Amino acid sequence: MRVLLSVIHIIVAIVITAIVLLQQRKQGGFAGIFGGGTQADSGQWQRFSQLTKITIILSAVFMLTSFFLVLMS
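Since the structure is predicted, the reported quantities are computational estimates derived from the model, not experimental observations.

Enquirer: Help me understand a nonpolar patch on the surface in this model?
Expert: Together, Met1, Leu4, Ile8 and Met72 make up an exposed nonpolar region whose accessible area comes to about 420 Å². On the secondary structure map, Leu4 appears in helix α1 (residues 2-22). Given a relative accessible area of 52%, Leu4 falls into the exposed group.

Below is the structure:
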């Protein structure tokens, strides 16, 4: 089970790296870096691009596999 989880973890890490490199750079300056937005950003999830949504989901999977790998050791 640990070997399978390790393989999934490595694959997810490689895919996250590729997806992040494919994303376009935003020219938001420091406001974009620190999440500068207004209270009107309530529907933020719908405005994310597909690559951003995939990055968020894969990051969550990466964190979960990291957590379970630590628990198994």
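Enquirer: I would appreciate a short explanation of the packing of α1 against helix α4 (residues 50-72) in the present structure.
Expert: As a packed pair, α1 and α4 sit with axes 9 Å apart at the nearest point and diverge in direction by 150 degrees. Relative to α4, α1 is oriented roughly antiparallel. Taken as a pair, α1 and α4 cross one another with a handedness that is left-handed. The segment α1 lies against α4, with Arg2, Leu5, Ser6, Ile8, His9, Val12, Ala13, Val15, Ile16, Ile19, Val20 and Leu22 engaging Leu51, Ile54, Thr55, Leu58, Ser59, Val61, Phe62, Thr65, Ser66, Phe68, Leu69 and Met72. Across the contact of α1 with α4, the residue classes break down as 17 nonpolar, six polar and one charged.

Enquirer: Where do I start with the environment of Ala18 in this structure?
Expert: Tracing the backbone shows Ala18 in helix α1. Sequence separation between Ala18 and Thr55 is 37 residues, and the spatial gap between their C-alpha atoms is 9.8 Å.

Enquirer: Sorry, what's going on with the confidence of the model for the chain here?
Expert: Low pLDDT means the predicted coordinates in that region are not meant to be read closely. With 71% of its residues at a pLDDT of 70 or more, the chain has an overall mean of 82. When mean pLDDT is compared element by element in the chain, α1 scores highest at 94, while helix α2 (residues 29-33) scores lowest at 54.

Conventions we followed
Residues numbered from 1 in each chain as written. Predicted model: local features only at pLDDT ≥ 70, side-chain atom pairs only at ≥ 80, totals over all residues. Heavy atoms only, no water. Patch = residues over 30% accessible without salt bridge, like charges linked within 9 Å, V, L, I, M, F, W, Y side chains within 5 Å. Areas by Shrake-Rupley, 256 points an atom, 1.4 Å probe, with all protein chains shown as cover. Salt bridge = Lys/Arg side-chain N within 4 Å of Asp/Glu carboxyl O. Helix = DSSP H or I, 4+ residues; strand = E, 2+ residues; numbered from the N terminus. Buried < 20%, exposed > 50% of the residue type's maximum accessible area, 1.4 Å probe, protein only. Axes fitted to C-alpha atoms, helices over the stretch in contact; angles between N-to-C directions. Parallel < 35°, antiparallel > 145°, perpendicular 65-115°, else oblique. Left-handed = near helix turned anticlockwise from the far one by under 90°. Contact = heavy atoms within 4.5 Å. Nonpolar A, V, L, I, M, F, W, Y, C, P; charged D, E, K, R; others polar. pLDDT = per-residue confidence, 0-100.

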